[in-house]
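Survey of secondary and tertiary structure
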Protein chains: 2
Amino acid sequence: MANILDVALKAKVSIATVSRVVNKSDHKVNPATREKVLAAISELDYRPNALAKGLLKKKTMTIGIIIPDISNPYYAEIVRGIQDVADAAGYAVTLHNTDKRKGGIARYVYLLREKSADGIIFSGGIIDGGETVSILGELRGKAVVIGRHDVDFPAVMVDNVEGADQAVQHLFDLGHGRIGFIGGPDGSTTALDRLVGYKKALVRNGIKHVPGLVKKGTWNPESGYLLGMELLQGKARPTAIVAANDQMAFGAIKAAKVFALRVPEDLAVVGFDDVPLGSYFDPALTTVKIPMHDMGAASMMTLLNLISGKPVEKIRLFRTTLQVRGSTVKLLEKGIKK
Amino acid sequence: MANILDVALKAKVSIATVSRVVNKSDHKVNPATREKVLAAISELDYRPNALAKGLLKKKTMTIGIIIPDISNPYYAEIVRGIQDVADAAGYAVTLHNTDKRKGGIARYVYLLREKSADGIIFSGGIIDGGETVSILGELRGKAVVIGRHDVDFPAVMVDNVEGADQAVQHLFDLGHGRIGFIGGPDGSTTALDRLVGYKKALVRNGIKHVPGLVKKGTWNPESGYLLGMELLQGKARPTAIVAANDQMAFGAIKAAKVFALRVPEDLAVVGFDDVPLGSYFDPALTTVKIPMHDMGAASMMTLLNLISGKPVEKIRLFRTTLQVRGSTVKLLEKGIKK
DNA sequence: TTGAAAGCGCTAACAG
DNA sequence: CTGTTAGCGCTTTCAA
């Protein structure tokens, strides 16, 4: 691999000059000299070493993303949004999954610091213990968080309380009185907010809160299925279920099938997120849409501002929108409703 | 940010000594001295700078992944497999999506070279033009490819020909004679192999190949839906469809609904990949299972061997397995069949 | 307009 | 067992 000295030698100039033409600096360099250098560069297929440059400039043009699991379509969509913006701005992105690994977030924060990442975006997962908090402290000024408000960073959020509220209201308007809830795990602020919204709508509509109708899952289809089974086998089964994400909603629908319940006639189901495949299910899934791609993109834009020292909004709040489809309302299905 | 000199000063030793205790080298260092250094390190919260180390050792403990799109669950699953192995081995992973961007693969190969990535894994997408080939040439010895055999790198493959063959055979055994095929785009070796397997099974079973029954899509649900519509509206509609991936199969099933065709009674559908949500669909999707996570993991293991100079197998071939579910066979649905 | 030289933070001989 | 020193490849004053 050719380095800057090789180029300098071949072009018969100093490495300083090579550096100048490579970086298109404002520093004047004679056109003829520039040509010689350019020729040497292409002949040697020279590419500047980003490590050396990063060491000197204290800027690596790399940011890190810390999420629970990329194979969860919710995070995949967010990551895509981040990458689209990062890539356009010339930043590379390293990805880190926290689940199934001890140490969780802290481990990757340290790793990213060692690698001199210019910034970190994290989403989901549970921040554990005080140690982590201090670690996050040193990141101040170069981290953005998506979907949680328990740490002091610029945040891109979505109004989960309102979203869950919309879901329940929709069901209530449809005549449902016994509405079950399959929530997320303890410790997740997203799960908490969605539960709060569920209860809020219940209260407003004068529906009595039945603790047995509320379950806590782990976001995946299996847990939605299992919890759906629990909910449905009780004597006083709900006529509708709100799941805290689409994956669990799919599981709940599967459970309904086991009990030979028709969806939406015997059981209405509302999901959360609006994952790409939701509109292809049968029945198509009614869900609370979260603009995941846009949120990912917004978080990266905020990080970009943070990095370049521009002012950033402390909280960027996105709104949810209810996507009504076949899992709550029987409708003539003609074509794809996206 | 404290550096090695800060630590050395505080511990009243030389930076060489600090380096020795940090790297736990075999070089002997007095226990008492080690303690002093360790104390200084934790007091200053010192972490070695990976850039400086990488510059010197020519090893960054970072590899790059180049894929078309992380929001496609097929790739998300592969990436997860890669990351699980990479992470366990201490490697960080940078992710790059090629679609919607000019330059495609070449652009990222260059970027990864600048950043001194220790290796590259790529999957999917179309390698374009001769320029790219030469770029790939310089990577020899540090790249692994998943699911394609048109470039000369160690490859992790899956027998796509056999998989498509299995799908068609399954349909034929069920009594289907008019079997449609929704394939992938031109230029994709995966798409080609699956088409070859389809035709192969047709020939073996003496089924006449009808060109109009073969369509080429773009892997996403929308294209499966559109092509499914085309296939189904002809006068001589197929009684079964094999889609080259699950996403398009979901789209085709949606199309069947539009024509009020029951699945599997009026139209049997087989997908490809076995994406996580397939078993939650109604009907659950019969599909040709590809061990995506394992393939991702295997590719990273191969890359690890490549990096450490160990011998590697030129081709690691995985087999497909047919997952028979409700979209081809009417069965008593009890519980989840995964 | 060009070049020389000082580092960025770290590892690895080589001395002592 | 510990310290000194020469770079890894690059950018950036400061001189010329």
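Look above for the structure.
Not measured: the values here are computed from a predicted model.

In terms of regular secondary structure, chain A is built from twelve helices and twelve strands. Here the C-alpha atoms of chain A give a radius of gyration of 26 Å, more than 25% beyond the 20 Å that 2.2 N^0.38 yields for 338 residues. The principal-axis extent of the C-alpha atoms belonging to chain A is close to 85 × 50 × 35 Å. Burial status across chain A gives 55% buried among its 338 residues. Summing over all exposed atoms, chain A offers an accessible surface of approximately 14100 Å²; the carbon and sulfur share of this is 58%. Of the charged side chains in chain A, 45 are positive and 34 negative; the average position of the first set lies 2 Å away from that of the second.

What follows is about the interface of chain B and chain A. Often, the extent of an interface is quoted as the loss of accessible area on bringing the components together. Contacts between chain B and chain A engage 62 residues on the former and 62 residues on the latter. For the pair chain B and chain A, the number of links is twelve salt bridges. Arg 107 of chain A is paired through a salt bridge with Asp 87 of chain B; the nearest N and O atoms lie 2.9 Å apart. Between chain B and chain A we count 28 residue pairs in polar contact (both at pLDDT 80 or more) in total. Within the residue set of the side of chain B that touches chain A, elements represented by two or more residues are helix H4 (50–57), helix H5 (73–88), strand S2 (92–97), helix H6 (104–114), helix H10 (221–233) and helix H11 (246–258) of chain B. Here the residues of the side of chain B that touches chain A sort into 27 nonpolar, 14 polar and 21 charged.

The subject of this paragraph is the sheet that holds strand S12 (residues 321–323) of chain A. Residue and element names in this part refer to chain A. Spatially, six strands are ordered S7-S6-S8-S9-S10-S12 in an open sheet, and the strand pairing comes out mixed. With one partner strand each, in any of the chains shown, strand S7 (214–216) and S12 form the two edges of the open sheet. When the angles between neighbouring strand axes are averaged without regard to direction, this sheet yields 20°. Looking at chain direction, strand S10 (residues 286–289) and S12 are connected through three bridges and run antiparallel. The residue of S12 that forms the bridge with Thr 287 is Gln 323. With respect to the sheet, helix H10 (residues 221–233) is in contact with strand S6 (179–183), S7 and strand S8 (240–243), its orientation differing from that of S6 by roughly 150°.

Residue and element names in this part refer to chain B. With mixed pairing, the six strands of this open sheet are ordered in space as S7-S6-S8-S9-S10-S12. Single-partner strands in this sheet number two, and they are strand S7 (214–216) and strand S12 (321–323). If you compare each strand with its neighbour and ignore which way they point, the axes differ by 20° on average.

Further remarks concern a nonpolar patch on the surface. Together, Leu 5, Leu 9 and Ile 15 of chain A make up a nonpolar patch on the protein surface, roughly 280 Å² of accessible area in all. Within the element layout of this structure, Leu 5 of chain A appears in helix H1 (residues 4–11).

Another point: the layout of surface pockets. Considering only enclosed or pocket space, the second largest pocket measures out at about 1400 Å³ in volume. In this structure, the second largest pocket is lined by 46 residues; those nearest its centre are Pro 48, Asn 49, Ala 50 and Leu 51 of chain A together with Glu 114 of chain B. Secondary-structure elements contributing two or more residues to the lining of the second largest pocket are helix H2 (15–22) and helix H4 (50–57) of chain A together with H4, H6 and helix H12 (292–307) of chain B. Partitioned by chemical class, the residues of the lining of the second largest pocket number 21 nonpolar, eleven polar and 14 charged.

Not every one of the 28 residues close to DNA strand D is listed here, only the nearest: Ile 4 of chain A together with Arg 20, His 27, Lys 28 and Thr 33 of chain B. When the atoms of DNA strand D within 4 Å of the protein are grouped by moiety, sugar and phosphate amount to 63% of the total. At 3.5 Å from a phosphate oxygen of DNA strand D is found a side-chain nitrogen or oxygen belonging to Asn 3 of chain A. Broken down by secondary-structure element, the contributors of at least two residues to the surface near DNA strand D are H2 and H4 of chain A together with helix H2 (15–22) and H4 of chain B. Per-class residue counts for the surface near DNA strand D are twelve nonpolar, nine polar and seven charged.

With an RMSD of 0.1 Å, the fit of chain B onto chain A corresponds to turning through 180° and sliding 0.1 Å along the axis. Taken together, the rotation and translation describe the operation of a two-fold axis. Scanning chain B for the C-alpha nearest the rotation axis identifies Thr 94 of chain B, at a separation of 2.1 Å. Taken together, the interface assignments show that 100% of the residues at the interface of chain B recur at the interface of chain A, consistent with an identical surface on both copies.

With that settled, the discussion passes to the pattern of salt bridges. Think of it this way: side chains of opposite charge can pair up when their charged atoms draw near. A complete count under the given rule lists 38 salt bridges over all chains for this structure. Residues Arg 194 of chain B and Asp 273 of chain B are paired through a salt bridge, measuring 3.4 Å at the closest nitrogen-oxygen approach. On the criterion of sequence distance, the pair formed by Arg 194 of chain B in helix H9 (residues 189–204) and Asp 273 of chain B in strand S9 (residues 268–273) is long-range, its members being 79 residues apart. For Arg 194 of chain B, a relative accessible area of 2% corresponds to the buried category. The buried category is assigned to Asp 273 of chain B, whose relative accessible area is 3%. Members of the salt-bridge network, linked through shared partners, are Asp 69 and Asp 99 of chain A together with Arg 80 and Asp 84 of chain B.

Here the residue pair Asp 282 of chain A and Pro 283 of chain A is connected by a cis peptide bond, since its omega of 0° sits within 30 degrees of zero. For Pro 283 of chain A, the position within the fold is in the loop between strand S9 (268–273) and S10. Looking along the chain, the bond that leaves Val 263 of chain B and enters Pro 264 of chain B is cis, with omega of 10°. Locating Pro 264 of chain B in the fold gives a position in the loop between H11 and S9.

Turning to the nonpolar core, a few remarks are in order. A general trend in soluble globular proteins is that nonpolar side chains are found buried together. Formed by 143 residues in total, the largest nonpolar core has its most connected members in Ile 63, Tyr 198 and Met 300 of chain A together with Ile 63 and Met 300 of chain B. Setting aside chain neighbours within four positions, we find Met 300 of chain A in contact with Ile 63, Ile 82, Val 85, Ala 86, Tyr 91 and Ile 121 of chain A.

On to the pairing of S8 of chain A, then. All names here are of chain A. Burial along S8 is two-sided: Ala 240 and Val 242 and Ile 241 and Ala 243, pointing in opposite directions, are all buried. Pairing analysis gives four bridges linking S6 to S8, with the strands arranged parallel. Paired with Phe 181 across the bridge in S8 is Val 242. Where S8 meets S9, three bridges bridge the pair, whose relative direction is parallel. By the bridge assignment, Ile 241 is partnered in S9 with Val 269.

Not every one of the 28 residues close to DNA strand C is listed here, only the nearest: Arg 20, His 27 and Thr 33 of chain A together with Ile 4 and Tyr 46 of chain B. Contact between DNA strand C and His 27 of chain A: a base oxygen at 3.2 Å from a side-chain N or O atom of the residue. Note that a base nitrogen of DNA strand C is positioned 3.3 Å from one of the backbone N or O atoms of Ala 52 of chain B.

For the rest of this paragraph, the subject is the packing of aromatic side chains. Under the criterion given, the structure shown has nine aromatic pairs over all chains. With 3.8 Å between their ring centres and 5° between their planes, Phe 250 of chain A and Phe 281 of chain A make a pair best called stacked. Of this pair, Phe 250 of chain A sits in helix H11 (residues 246–258) while Phe 281 of chain A sits in the loop between S9 and S10, placing them 31 residues apart in sequence. We classify Phe 250 of chain A as buried; its relative accessible area is 0%. Accessibility expressed as a relative area gives 3% for Phe 281 of chain A, which makes it buried. With centroids separated by 3.8 Å and ring planes inclined at 35°, the aromatic side chains of Phe 281 of chain A and Phe 281 of chain B adopt a geometry described as tilted. Taken as a pair, Phe 281 of chain A in the loop between S9 and S10 and Phe 281 of chain B in the loop between S9 and strand S10 (286–289) lie in two separate chains rather than in one. Three or more aromatic residues joined by ring pairs make a cluster, and in this case those are Phe 250 and Phe 281 of chain A together with Phe 250 and Phe 281 of chain B.

Quick notes on the rules
Residues numbered from 1 in each chain as written. Chains lettered and ligands numbered in written order. Predicted model: local features only at pLDDT ≥ 70, side-chain atom pairs only at ≥ 80, totals over all residues. Heavy atoms only, no water. Helix = DSSP H or I, 4+ residues; strand = E, 2+ residues; numbered from the N terminus. Rg over C-alpha atoms; globule rule 2.2 N^0.38 Å. Buried < 20%, exposed > 50% of the residue type's maximum accessible area, 1.4 Å probe, protein only. Areas by Shrake-Rupley, 256 points an atom, 1.4 Å probe, with all protein chains shown as cover. Lys, Arg positive; Asp, Glu negative; His and termini not counted. Charge placed at Lys NZ, Arg CZ, Asp CG, Glu CD. Contact = heavy atoms within 4.5 Å. Salt bridge = Lys/Arg side-chain N within 4 Å of Asp/Glu carboxyl O. Polar contact = N/O pair within 3.5 Å; in protein donor to acceptor, adjacent residues only side chain to side chain. Nonpolar A, V, L, I, M, F, W, Y, C, P; charged D, E, K, R; others polar. Pairing = 2+ DSSP bridges. Axes fitted to C-alpha atoms, helices over the stretch in contact; angles between N-to-C directions. Patch = residues over 30% accessible without salt bridge, like charges linked within 9 Å, V, L, I, M, F, W, Y side chains within 5 Å. 1 Å grid on protein atoms, 1.4 Å probe; cavity = no way out; pocket = protein on both sides within 12 Å on 5 of 7 lines; lining within 4 Å. Points joined across faces, edges and corners; volume = space filled by probe spheres on them. Near = heavy atom within 4 Å. Least-squares fit on C-alpha atoms with pLDDT ≥ 70 in both. Core = buried A, V, L, I, M, F, W, Y, C linked by side-chain atoms within 4.5 Å. Phe/Tyr/Trp six-rings, centres within 6.5 Å; stacked < 30°, edge-to-face > 60°.

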